[in-house]
Amino acid sequence: MKSFDPEQPSQNGVAFGGAPEQAWFVELAFWRPSKLSDSEMELFFRRRDGRWSEQTKAALQHHAAKGLDLNQNWALVDQGWSCPVCRRSKNEIFRLSPRGILLAKLEEHHDHLRDYVRKRARDLFGDRWLAEIPRGGSYLTDQLENLVSNFTPELVCSECNAADGKAKILLKGKAHTYFTFSPSEIAEFITPKPNASHSINPKKVEDRWEKANSGFEMRLKLIDEVLKLIHSGGLRHEHGTPWFQVAQRQFDSQTQLYQAFLSETKRDERERELFRLLNEFLARSVQKDSSVIAPKITNAPRTVQAPTDAEYLSYRDPVSTRRWEAIPEDWQCPICQRSKRQVVRKSKAGRWSGGIREHFEPVPETDETALWARRRLLPGFRNAFVMHDSKKVLICSGCQDVATQLKQRRRDIPDQFLTIDDLRDCLLAVEAHAEHEVDWDEAANRALNNAAVGSAWDAYFKHCSMAVEARERYRQAIRFGGCNQDEAFQIVAEDIMLDARVDDADEALCLAKWLVSDAERRRSEMNAEVVLS
């Protein structure tokens, strides 16, 4: 930290007068994982882990692994972390898969009774129970999930997490589907071994379940009782305004730092870079080689099963039931040309899946005045591609899955975006009631070529926010400040000179008038869309 120097301008270019110690400044560095070498990652992210760490590299060599599967949870915790259940260190948790892949995985272990609460509510009161309960009921349901959970979610090694599932297989026909062993209970029936799966003692599993089951049955009864109280309105919660929490947080250190950061970065991409930091770190750290280096070999031919008439008529897309029901039967995906019925397929779990998804395609800005104004108001963005707006396109879930799977396959590519044409050109084969066959190399190349789109989306949202603020400033100056139109535009222009660092008053006035008119245009278009819908 540096004491305030009245001879020096602030970092946003505005000089402050007054006595020394009136303000102080801090320089912060946010290291970019995508730009760092492995040794630099080790230096600047020493409390994290990844494929770059010396510990991981040594384990790969020690186990003579063909590849690495290292997941997000592993990357986000210290290299010296140890499992709270089996007490093994990361070096002891490393395990070689039968296909020669080094496994470095940590999992979240949670009480599955949490998931049962809302399922039970649907069983008792129907699928529309959430819409029918009194206000505050959803909050109370969340609290019920916490109340009946036997333990808080815990990060454990993948073998300890798997031990819970293996133990419940031994209790098949006895244990409730949503019964979960707690971390301390798992520790009672496992025998950990370095770099291997746990051994499980069936007798201890049985004994531990018998001790825990009576309490579990009581929690089941409690769920029914509380859900009935919530549904009837006997148990209520009034959710007030957020102002008490807001007031308490105004001067806490995190809020002060964040607000100062936003003030300094509202005209450039640094705010976006901060939000992208986690994804950038994970792209640099996580690895999944098993699906590429050692894919599972299956001799079974691909079987495609179509739903019967009865199955199709009873099917409802769980992601968006309302949208599914609203789409007409003659709809076709604009990418793969499959019909509504043809997008329904049987998942690996044996359940029918598939549906219609929303895809937002950016519309480029072509108006020269708008291009000049946007680039002038947000000079800190790349602005290689400037968005005028976006259009919503309905596509099938199979086509949307291409983009979703590409993000999982190529985490090293930031800001992935595929257009409708990109998705269409990446498809090698399309079949009704089946997953698409995809050219993943071509999909990755298209995503790399669209790198500017991510920045364009962020600039677009910032522009929309600026336009709304300018419009409100203009309207308030007229309504409450007693200004005429020219005076109101002048007030907006002064804001632009300060915030966007525009020195020329005439240029700022021109930008102010354009910004307010653009906000009015967008508002009119939005109102027209609401009327049409």
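Structural notes, computed from the coordinates. (Residues numbered from 1 in each chain as written. Predicted model: local features only at pLDDT ≥ 70, side-chain atom pairs only at ≥ 80, totals over all residues. Heavy atoms only, no water.)

1. Let's talk about the packing of helix H7 (residues 137-148) against helix H10 (residues 202-232)
The test is simple: Angles run from 0 to 180 degrees between N-to-C directions of axes, and those axes are lines fitted to C-alpha atoms, restricted for helices to the stretch in contact. Here a strand is any run of E in DSSP of at least two residues, a helix any run of H or I of at least four, and the numbering for each starts at the N terminus. An angle below 35 degrees is treated as roughly parallel, one above 145 as roughly antiparallel, one from 65 to 115 as roughly perpendicular, and anything else as oblique. Whether two residues touch is decided by their heavy atoms; if any such pair falls within 4.5 Å, the residues are in contact. Residue type decides the class: Asp, Glu, Lys and Arg count as charged, Ala, Val, Leu, Ile, Met, Phe, Trp, Tyr, Cys and Pro as nonpolar, and the leftover types, Gly among them, as polar.
H10 packs onto H7 with a crossing angle of 170° between their chain directions and a minimal axis gap of 11 Å. With respect to H10, the element H7 is oriented roughly antiparallel. Counted together, Gly137, Leu140, Thr141, Leu144, Leu147 and Val148 of H7 and Arg219, Leu222, Ile223, Val226, Leu227 and Ile230 of H10 form the full contact between these two elements. Of the residues that constitute the contact of H7 with H10, the class distribution is nine nonpolar, two polar and one charged.

2. Let's talk about the sheet that holds strand S5 (residues 101-104)
Here is the rule: Only when DSSP finds a minimum of two bridges between them are two strands counted as paired.
The strand order across the open sheet built from four strands is S4-S5-S3-S10, with neighbouring strands paired in mixed fashion. Looking at which strands have only one partner, the edges of the open sheet turn out to be strand S4 (95-96) and strand S10 (287-288). Pairing geometry for S4 and S5, over two bridges, is antiparallel. Residue pairing for S5: Leu96 is matched across the bridge by Leu102.

3. Comments concerning the nonpolar core
Soluble globular proteins tend to pack their nonpolar side chains together in the buried interior. Defined as follows: What is meant by a nonpolar core is a set of buried Ala, Val, Leu, Ile, Met, Phe, Trp, Tyr and Cys residues, joined one to another through side-chain atoms within 4.5 Å. Note on exposure labels: buried denotes an accessible area under 20% of the residue type's maximum, exposed denotes more than 50%, and partly exposed covers the range between, all computed with a 1.4 Å probe on protein chains only.
In terms of nonpolar packing, the biggest core is built from 52 residues, with Cys83, Cys160, Phe181 and Ile190 touching the most fellow members. Of all the elements, H10 adds the most residues to this core, at nine residues. Contact partners of Ile190, with chain neighbours within four places excluded, come to Val85, Cys86, Cys160, Ala163, His198 and Ser199. Of all hydrophobic cores here, the second largest spans 29 residues; its members include Cys333, Ile420, Val438 and Trp440.

4. Notes on the pattern of salt bridges
We count it as follows: Basic side-chain nitrogens of Lys or Arg form a salt bridge, by our definition, when they fall within 4 Å of a carboxyl oxygen of Asp or Glu.
Scanning the entire structure with this criterion turns up 46 salt bridges. Of the charged contacts in the structure, one is a salt bridge between Asp49 and Lys90, with a shortest N-O distance of 2.9 Å. Residue Asp49 is located in the loop between helix H1 (38-44) and helix H2 (54-62), and its partner Lys90 is located in helix H4 (residues 90-93); the two are separated by 41 residues in the primary sequence. Per residue, the accessibility class of Asp49 equals that of Lys90, and both read buried.

5. Some details on helix H5 (residues 113-125)
In an α-helix, one full turn covers 3.6 residues, which means residues spaced three or four apart are oriented alike. Note the threshold: Take the number of residues in a helix, subtract one, and multiply by 1.5 Å to get its expected span.
Over its 13 residues, H5 runs 18 Å from end to end, which matches the ideal 18 Å to within 8%, given 1.5 Å per residue. Buried residues of H5: Leu113, Tyr116, Val117 and Ala121, and no others. Buried residues along H5 sit against helix H6 (129-132), H7 and H10. In the stretch just after H5, Gly126 is the one whose phi turns positive, near 95°.

By themselves, these are just geometric observations and shouldn't be taken as functional.
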